[in-house]
Amino acid sequence: RWLTCRSLPPGALESIADTIADRLRVPWFSGAVKINVSLVPPLVLLPVFLHVAALHFLLGLIILTSLPVVVLWYYYLTHRRKERTLFFLSLGLFSLGYMYYVFLREVVPRGRVEYYQVVTLTCGLILMLAALSRAKKNPGYLPIPAGNEKPSHEGLPNKSVRGSSSGLHGISGAASSRAVNGEAKGYCRMSAEQPEGVKKDWCTKCQLVRPARAGHCRLCGRCVRRLDHHCVWINSCVGEQNHQAFILALSFFMLTSVYGITLTLHTICKGRTPFVALFYCPGAYSDYSSALSFTCVWYCAIVTAGMGYIFLIQLLNISYNVTEREARLALRDNTGRRLLGGLVIDTGQYNRGLLCNWGHFLSLGSAPPQRSAEDIV
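The name given to the chain in an unreviewed UniProt entry is Palmitoyltransferase, with the source organism recorded as Bombycilla garrulus. As its UniProt record puts it under Sequence similarities (unreviewed entry), the chain is described as follows: "Belongs to the DHHC palmitoyltransferase family."

So, in structure tokens, the structure goes:
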């Protein structure tokens, strides 16, 4: 119908795309394994783009400028649709592997990189992957009610439920089976007798009472203790149980990436400091090997700059004991203070000073999570 310029029925293209995605499988011993379509583009397009960018300076400028734009466009597209995707995780892991491959194949054979430097870079990469693997684990999901049965809110007494040590706020009221904006079949309405400022901690989607600082992730469909944000680069939430591993992975990435960039620039741009060589490296395009290495250096520099910004925001948030989720809510409700040129939003609710804030962060996940009021009920 498309080739003959006839109209297609609604949803036809989506159905075709879903069918192709379902049929895209590889043979395996236990049966055909389905391949996630979002894993394929980075594996194919990244080497092609980098090799084309190494052909000429202008091609490199165009491609390295357009790549971040395409990635940001795809991020906003999936974020608007509230979709989970493995594209960013695949892009990150394959970029690490491919940059390491180019380093071993094109840079090390030149003889200017010592053995211990290769070992140091390899160890940094391994430590970063280990921290990333830990960050991919349970971020601190609140337990789902037994039997996957969502308890009825009507069974709760018409009194405020207060937690003495888990930071729960009072909730009351009867549940309704009506949908709110098409998102959930049930909601909680606060009683008129309750004082103002009482925070609603009843999650209408998970049907449970959340402890303080917990939040519901719309992408994962779960409530997470001390939810910071949903990170597309690890395809998981960052919460109470994996926030330390997330920061550790970012730290190892920054150190390893800067170290690899420095070694490569010292090799292909002799006699120049890394910062100067990044912008002025005569002879970088004299041969294809140097051009490819220089192109990969610029690709790594762009990615490192983006991750460095994320890392900086995380460090500032930890210093003020505020999460990304709390900062967004404070901006929405106009209850926070913009500090350091707007890089951090201080809510003042949990800020106890720099040392106490970092001590609190370093103790995350050390104690067993306290039971919520939903478990008690």
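Structure's up, so let's keep going.
1. Quick word on the overall build of the chain
Along the chain, the regular secondary structure elements total eleven helices and twelve strands. Taken over 377 residues, the chain has a buried fraction of 40%. Residue pairs at least 24 apart in sequence account for 58% of intrachain contacts in the chain once pairs closer than 6 positions are excluded. For the chain, the exposed surface amounts to about 21800 Å²; the carbon and sulfur share of it is 62%.

2. Some remarks on the UniProt feature "transmembrane region" (unreviewed entry) in the chain
The feature "transmembrane region" (unreviewed entry), as annotated in UniProt, sits at residues 48-74, 86-103, 115-132, 245-268 and 288-312 in this numbering. Secondary structure across residues 48-74 divides into 89% helix and 0% strand, with the first and last C-alpha atoms of the span separated by 19 Å. The distance from the first to the last C-alpha atom of residues 288-312 is 36 Å, and the span holds 100% helix and 0% strand.

3. Notes on the confidence of the model for the chain
Counting all residues, the mean pLDDT for the chain is 81, and 82% of those residues have values of 70 or more. Segment residues 148-198 is flagged for pLDDT under 50; beyond a separation of four residues in sequence, or across chains, it makes 86 contacts in the model. pLDDT under 50 marks residues 372-377. Its contacts with residues more than four places away, or in other chains, come to 13 contacts.

4. So, empty space enclosed by the protein
A full pass over the atoms with the stated rule returns three cavities of 30 Å³ or more. Considering only enclosed or pocket space, the largest cavity measures out at about 60 Å³ in volume. Tyr 75, Thr 78, His 79, Glu 83, Arg 84, Thr 85, Leu 219, His 230, Val 232 and Asn 235 together form the lining of the largest cavity. Considering every element that reaches the lining of the largest cavity, the biggest residue donor is helix 3 (residues 57-81), with three residues.

5. Let's talk about the nonpolar core
Counting residues in each nonpolar core, the largest one holds 31 residues, and the members touching the most others are Leu 50, Met 99, Leu 265 and Tyr 299. When residues of this core are traced back to their parent elements, those giving at least two are helix 2 (40-53), helix 3, helix 4 (87-107), helix 6 (243-268), helix 7 (274-279) and helix 8 (288-319). Of all the elements, helix 8 adds the most residues to this core, at eight residues. Not counting chain neighbours up to four residues away, the residues in contact with Tyr 299 comprise Leu 46, Leu 50, Leu 64, Leu 67, Leu 91, Ser 95 and Met 99. By size, the runner-up hydrophobic cluster in this structure holds 19 residues, among which are Met 128, Cys 231, Ile 234 and Val 238.

6. Observations concerning the pattern of salt bridges
Scanning all chains against the criterion turns up five salt bridges. The residue Arg 110 makes a salt bridge to Asp 287 at a minimum N-O spacing of 3.6 Å. Residue Arg 110 is found in the loop between helix 4 and helix 5 (115-135), and its partner Asp 287 is found in the loop between helix 7 and helix 8; the two are separated by 177 residues along the sequence. What makes Arg 110 partly exposed here is its relative accessible area of 34%. Between Asp 333 and Arg 332 there is a salt bridge; the shortest N-O distance is 3.1 Å. The class for Asp 333 is partly exposed, based on a relative accessible area of 41%. A relative accessible area of 62% places Arg 332 in the exposed class.

7. Observations regarding the environment of Gly 97
Residue position: Gly 97 is located in helix 4. Separated by 28 residues in sequence, Gly 97 and Leu 125 place their C-alpha atoms 9.4 Å apart.

8. Re the environment of Ser 257
Relative to the helices and strands, Ser 257 resides in helix 6. C-alpha separation for the pair Ser 257 and Leu 125, spaced 132 residues apart in sequence, amounts to 8.8 Å. If near-sequence neighbours (up to four positions away) are discounted, Ser 257 is found in contact with Cys 300 and Thr 304. Of the polar contacts made by the side chain of Ser 257, one reaches the side chain of Thr 304; its length is 2.5 Å.

9. Things to note about the side chain of Arg 213
Note on placement: Arg 213 falls in the loop between strand 6 (208-209) and strand 7 (215-217). Arg 213 sits in the buried class, given a relative accessible area of 7%. At a separation of 3.1 Å, a polar atom in the side chain of Arg 213 contacts the side chain of Asn 321.

10. Brief notes about the packing of aromatic side chains
Applying the stated criterion across every chain yields a total of 14 aromatic pairs. Seen from their ring centres, Trp 28 and Phe 29 are 5.5 Å apart, and the 65 degrees between their planes marks the pair as edge-to-face. With respect to class, Trp 28 is no different from Phe 29; both count as exposed. Arranged with centres 5.8 Å apart and planes meeting at 40 degrees, the rings of Tyr 74 and Phe 88 form a pair that is tilted. You can see Tyr 74 sitting in helix 3 and its partner Phe 88 sitting in helix 4, a full 14 residues away along the chain. Residue class for Tyr 74 comes out partly exposed when judged on its relative accessible area of 22%. With relative accessibility at 1%, the residue Phe 88 sits in the buried group. Feature note: the residues Tyr 74, Tyr 75, Tyr 76, Phe 87, Phe 88 and Trp 233 constitute an aromatic cluster, connected by ring pairs.

11. Quick look at the packing of helix 2 against helix 8
Where helix 2 contacts helix 8, the two axes come as close as 8 Å, and the packing angle between them is 120 degrees. By the angle between their axes, helix 2 is oblique relative to helix 8. Crossing of helix 2 over helix 8 shows right-handed handedness. Contact with helix 2, carried on its side by Leu 46, Leu 50, His 51 and Ala 53, involves Tyr 288, Leu 292, Thr 295, Cys 296 and Tyr 299 of helix 8 and no other residues of that element.

What counts as what
Residues numbered from 1 in each chain as written. Predicted model: local features only at pLDDT ≥ 70, side-chain atom pairs only at ≥ 80, totals over all residues. Heavy atoms only, no water. UniProt positions renumbered as here; feature names shortened; annotations may be inferred. Helix = DSSP H or I, 4+ residues; strand = E, 2+ residues; numbered from the N terminus. Buried < 20%, exposed > 50% of the residue type's maximum accessible area, 1.4 Å probe, protein only. Contact = heavy atoms within 4.5 Å. Areas by Shrake-Rupley, 256 points an atom, 1.4 Å probe, with all protein chains shown as cover. pLDDT = per-residue confidence, 0-100. 1 Å grid on protein atoms, 1.4 Å probe; cavity = no way out; pocket = protein on both sides within 12 Å on 5 of 7 lines; lining within 4 Å. Points joined across faces, edges and corners; volume = space filled by probe spheres on them. Core = buried A, V, L, I, M, F, W, Y, C linked by side-chain atoms within 4.5 Å. Salt bridge = Lys/Arg side-chain N within 4 Å of Asp/Glu carboxyl O. Polar contact = N/O pair within 3.5 Å; in protein donor to acceptor, adjacent residues only side chain to side chain. Phe/Tyr/Trp six-rings, centres within 6.5 Å; stacked < 30°, edge-to-face > 60°. Axes fitted to C-alpha atoms, helices over the stretch in contact; angles between N-to-C directions. Parallel < 35°, antiparallel > 145°, perpendicular 65-115°, else oblique. Left-handed = near helix turned anticlockwise from the far one by under 90°.

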